[in-house]
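# Architecture and fold: a report
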Amino acid sequence: MFQPKATRSALRAAAKLSRKAPALMTRSHFIKYFLTGLGTAAILSACENSGSNTSSTSKGNSQTATAGKTIKVATEPAFAPFESKGSGNELVGFDIDLIKAVGQAAGSTIEFQSLPFDGMIPALQANTVDAAVSAITITPERAQTISFSRPYFKAGLAIAVRQDNTTITNLDSLKGKKIAVQIGTTGSKKAKSISGAQVREFDSTPLALQELANGNVDAVINDAPVTLDAIKSGNIKGLKVVGQLLTEEYYGIALPKNSPNLNAINTALAKIISDGTYAQIYKKWFNAEAPKLPETAPASSS
Ligand code: ARG
């Protein structure tokens, strides 16, 4: 498939990252790091969004895609270990395996489409895709314009700084600081709520982390599992995670409001959670037992 030059190099960078992910995830410290919000060395290669189609077979029917139909799913594959590009340019990650298993359980074929993260909610609203799976946090604000499946992953935001930084240790010490974030994310919203903070928004999380490593900002606020994965994969040196997690967030599969697929997707999710498929996917990517998930996201989260 033809890819513009910039996209090709971004894909190569993303592939490099994702190849390292499985090795990283087998390290037993990951969960401890994640839970305590503490990290060590960091490295990350800049990697831009790809706006390309990553797989296309047939056209999905956004209004009637249920069992037996094709479900067109948007994703932004620069967010390992949830979604990134493998060495053969294929989509890999926890979310990718999860939605494929959901599709199988629902008797549907999944067709992926890469989209920038901040383009996902508009695409769902315009019904140009049937769903989006991209570590998307269920928030009351988003739930006004799109629908969410039951939660499928518990995460939270973490603060990353350069390793030699000793002054930023928690949310309070971010006041008046320069903070890099990915545009349209909960991390961006959090950063903008900090008094006097100068928030710089980037198209992708790897670009935001690169900006921090380059010394151009003081911190990054981003989903903890992704920042920790980037740090441990070793492509950019010199970052660490500090303080406690800033939020408790739950990821959901996002759908257009009143999507005819909502029930089928929730039923399929429940099925793969109860038959052990979910636990297997969780183990593959996080080398840990899957935690018990609530059936609805707690109102206090995000
Ligand atoms: N969980 C965060 C949010 O929903 C960040 C998700 C970013 N996902 C991605 N594939 N870049 O805002």
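Residues numbered from 1 in each chain as written. Predicted model: local features only at pLDDT ≥ 70, side-chain atom pairs only at ≥ 80, totals over all residues. Heavy atoms only, no water.

Moving on, we come to the site of the ligand. For the ligand, the set of nearby residues contains 14 residues, the closest of which are Glu76, Ala135, Arg142, Thr186 and Asp223. In the environment of the ligand, a nitrogen atom lies 2.8 Å from a nitrogen or oxygen atom belonging to the side chain of Thr137. Thr186 is positioned with one of its backbone polar atoms (N or O) 2.8 Å from an oxygen atom of the ligand. Relative to its free-state accessible area of 350 Å², the ligand is covered by the protein chains to the extent of 100%. (Near = heavy atom within 4 Å. Polar contact = N/O pair within 3.5 Å; in protein donor to acceptor, adjacent residues only side chain to side chain. Areas by Shrake-Rupley, 256 points an atom, 1.4 Å probe, with all protein chains shown as cover.)

The next subject is the environment of Pro81. Along the chain, the position of Pro81 falls in the loop between β1 (70–75) and β2 (84–85). Residue classification places Pro81 among the buried residues on the basis of a relative accessible area of 1%. For Pro81 and Thr227, which are 146 residues apart along the polypeptide, the C-alpha to C-alpha distance reads 9.8 Å. (Helix = DSSP H or I, 4+ residues; strand = E, 2+ residues; numbered from the N terminus. Buried < 20%, exposed > 50% of the residue type's maximum accessible area, 1.4 Å probe, protein only.)

Turning to helix α3 (residues 94–106), a few remarks are in order. Given a rise of 1.5 Å per residue, 13 residues ought to cover 18 Å, and the 18 Å separating the end C-alpha atoms of α3 matches this to within 8%. Looking at the buried positions of α3, the neighbouring elements they touch are β1, β3 (91–92), β4 (109–114), β7 (153–155), α8 (262–274) and α9 (277–286). Backbone geometry just after α3 places Gly107 at a positive phi near 70 degrees. (Expected span 1.5 Å × (residues − 1). Contact = heavy atoms within 4.5 Å.)

On to the environment of Lys100. With respect to the helices and strands, the residue Lys100 is situated in helix α3. Between the alpha carbons of Lys100 and Ile110 there is a distance of 6.4 Å; along the sequence they are 10 residues apart. Beyond its immediate chain neighbours, meaning those up to four positions away, Lys100 contacts Ile110 and Phe112.

Bringing the pattern of salt bridges into the picture now. Applying the stated criterion to the full structure yields 7 salt bridges. Asp97 is paired through a salt bridge with Lys284; the nearest N and O atoms lie 2.7 Å apart. A residue pair is termed long-range when its members are at least 10 positions apart, and Asp97 in helix α3 and Lys284 in helix α9 qualify at 187 residues. Judged by relative accessible area, which is 18%, Asp97 ranks as buried. (Salt bridge = Lys/Arg side-chain N within 4 Å of Asp/Glu carboxyl O.)

Bringing the packing of α3 against α8 into the picture now. Two quantities define a packed helix pair, namely the angle between the helix axes and the distance between the axes. With their axes 8 Å apart at the nearest point, α3 and α8 run at an angle of 105 degrees to one another. The orientation of α3 relative to α8 falls into the category roughly perpendicular. Along the contact surface, α3 presents Leu98, Ala101, Val102, Ala105 and Ala106, while α8 presents Ala264, Ile265, Ala268, Leu269, Lys271 and Ile272. Class assignment for the residues of the contact of α3 with α8 results in 10 nonpolar, no polar and 1 charged. (Axes fitted to C-alpha atoms, helices over the stretch in contact; angles between N-to-C directions. Parallel < 35°, antiparallel > 145°, perpendicular 65-115°, else oblique. Nonpolar A, V, L, I, M, F, W, Y, C, P; charged D, E, K, R; others polar.)

Before going further, it helps to examine the packing of α3 against α9. At a closest axis distance of 10 Å, the pairing of α3 and α9 adopts a crossing angle of 165 degrees. In terms of axis orientation, α3 runs roughly antiparallel to α9. The handedness of the crossing between α3 and α9 is right-handed. Contacts from Phe94, Asp97, Leu98 and Ala101 in α3 reach Thr277, Tyr278, Ile281, Tyr282, Lys284, Trp285 and Phe286 in α9. Looking at the contact of α3 with α9 residue by residue, the class counts come to 8 nonpolar, 1 polar and 2 charged. (Left-handed = near helix turned anticlockwise from the far one by under 90°.)

Read across the open sheet, the 5 strands follow the order β10-β9-β11-β8-β12; overall the sheet is mixed. The sheet is open, and its two edges are formed by β10 (198–202) and β12 (239–242), each paired on a single side. Recorded for the sheet is a direction-independent mean angle of 30 degrees between the axes of neighbouring strands. As judged from the 4 bridges shared by strand β8 (residues 157–162) and strand β11 (residues 219–223), these two strands associate in the antiparallel manner. When the sheet's bridge partners are listed, Leu157 is paired in β11 with Asp223. The sheet strands contacting helix α7 (residues 224–233) are β8, β11 and β12, and the helix crosses β11 at an angle near 120 degrees. (Pairing = 2+ DSSP bridges.)

One face of the sheet, then the other: side chains in a regular strand alternate in exactly this way. With 5 of its 6 residues buried, β4 lies for the most part within the structure. Where β1 meets β4, 6 bridges bridge the pair, whose relative direction is parallel. Bridge pairing links Ile71 to Ile110 in β4.

Taken residue by residue, α9 has Tyr278, Ile281, Tyr282, Trp285 and Phe286 as its buried positions. Taken down its axis, α9 places every buried residue within 105 degrees of arc, on the same side. Exposed residues lying more than 90 degrees from the buried face of α9 are Gln280 and Lys284. Asn287 lies just past α9 and shows a positive phi near 45 degrees. (Arc of directions from axis to C-beta.)

Turning next to the side chain of Asp95. Mapped onto the secondary structure, Asp95 falls in helix α3. We note that Asp95 is buried and unpaired, the nearest opposite charge coming from Arg142 at a distance of 11 Å. If we skip the residues at most four places from it in the chain, Asp95 touches Phe82, Glu83, Val133, Ser134, Ala135 and Tyr152. (Lys, Arg positive; Asp, Glu negative; His and termini not counted.)

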